[in-house]
Amino acid sequence: MALLTPEDLEDLLNKLNTNNEIIKEATGKDIAEICEEVYGTKPGNQKVGIVPITAGNGIIGNFSSSLLAISEYFGLEGSITDHPDMTGYYQAVADGADIILMADDHIFIAHNLSNGKIATNHVCTGVIYSEIASRYKYADSKDVLVIGLGRVGYAGAAHLVKKGFNVYAYDPNTEFMNRAIEELGVKAVDIENPGKFSMVFEATPNPNTISEGMIAERCLVSTPGIPCALPDELVEKYDIDLVMEPLVIGVAAMLYSVF
């Protein structure tokens, strides 16, 4: 979770509500409804234990409190442990947590201790953001552009292929690109002449990866990337439905996937 800063986590629920309105207008469903359909689950009376982790770069300010706010937003009881790391984990289990949320520099997981399900943020984020892109009600075809084939992007591309979409992809890392072509059957995009897409899923940590030549007159760009991949001027010029939020949507998917 090293890309998140305290500033990214400020005004969290307002950002969630704004994105939820965009998602519902663009797809006909809000984020909770989409998660229910993707994972076939609904929240119950699960208790969430949030364990701060000090390893690596250490604790991000507001991160644990943000996870608590997200859990409560989706109707769950949650608490942050008094101590971090293994002492915190012990406390969460002793206090009766059903689901543990914790993250270090390399992985962010949700683990349901009651049913044994475990989920990672990178997979759930890729799946849910690509799912949102795939539901765009103004799409003019089943062609989807995926930019970035790291852990998040690859998970999203795999999800789209499984759903039967025509997945076109680009990543400057030839190893990532070749793996996606060989394992998933995605089509490589000529970055100089990509064609225009009405559904775009972007998963990189870089700005301005989406160029004017990639987007249709009206399109949905779904991206968890920090910073935003889409130049501001293109959002207005092409009437783009932009779904961009650095944490909540992925955490929602994690929770629903382990219910």
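Because the structure is a prediction, the values reported are computed rather than measured.

(A) Representation of the pattern of salt bridges within the structure. Enumeration over the complete set of coordinates arrives at eight salt bridges. One salt bridge connects Glu-131 with Lys-163, and the closest N-O pair in it is separated by 3.0 Å. Here Glu-131 is found in helix α6 (residues 121-134), whereas its partner Lys-163 is found in the loop between α7 (151-162) and β7 (166-170), with 32 residues between them in sequence. Residue Glu-131 is classed as buried on the basis of its relative accessible area, which comes to 3%. The network of salt bridges with common partners includes Lys-29, Glu-37, Glu-131, Arg-135 and Lys-163.

(B) Representation of the state of the cysteines. Within this structure, the stated rule accounts for zero disulfides. Not part of a disulfide, Cys-35 finds its nearest cysteine sulfur in Cys-124, a span of 8.7 Å. Residue classification places Cys-35 among the buried residues on the basis of a relative accessible area of 0%. Note on Cys-124: relative accessible area 4%, which makes it buried.

(C) Molecular detail of the sheet that holds strand β9 (residues 197-202). Spatial strand order, β8-β7-β6-β9-β10-β11: six strands in an open sheet with parallel pairing. Where the open sheet ends on each side, the last strands, each with one partner, are β8 (187-188) and β11 (241-244). The sheet contact formed by strand β6 (residues 143-147) and β7 spans five bridges and is parallel. Directly across from Leu-145, in β7, lies its bridge partner Tyr-168.

(D) Broad picture of unusual backbone geometry. Located in the positive-phi region is Asp-85, a residue other than glycine, with phi close to 60°. Assignment of secondary structure puts Asp-85 in helix α5 (residues 85-94). In this model, Asn-208 sits at a positive phi of 55°, which is unusual for a non-glycine residue. With respect to the element layout, Asn-208 can be found in the loop between β9 and β10 (215-223).

(E) Local environment of the pairing of strand β3 (residues 99-103). Counting buried residues along β3, four of its five residues qualify, which places the element largely inside the surrounding structure. Both strand β1 (residues 47-50) and β3 contribute to a ladder of three bridges, which runs parallel. From the neighbouring strand, Ile-50 faces β3, where its bridge partner is Leu-101. Of the strand pairs in this sheet, β3 and strand β4 (residues 108-112) are connected by five bridges, and their pairing is antiparallel. Bridge assignment links Ala-103 to a residue of β4, and that residue is Phe-108. Counted between consecutive antiparallel strands, the loop separating β3 from β4 contains four residues.

Rules used in this analysis
- Residues numbered from 1 in each chain as written.
- Predicted model: local features only at pLDDT ≥ 70, side-chain atom pairs only at ≥ 80, totals over all residues.
- Heavy atoms only, no water.
- Salt bridge = Lys/Arg side-chain N within 4 Å of Asp/Glu carboxyl O.
- Helix = DSSP H or I, 4+ residues; strand = E, 2+ residues; numbered from the N terminus.
- Buried < 20%, exposed > 50% of the residue type's maximum accessible area, 1.4 Å probe, protein only.
- Disulfide = S-S within 2.5 Å.
- Pairing = 2+ DSSP bridges.

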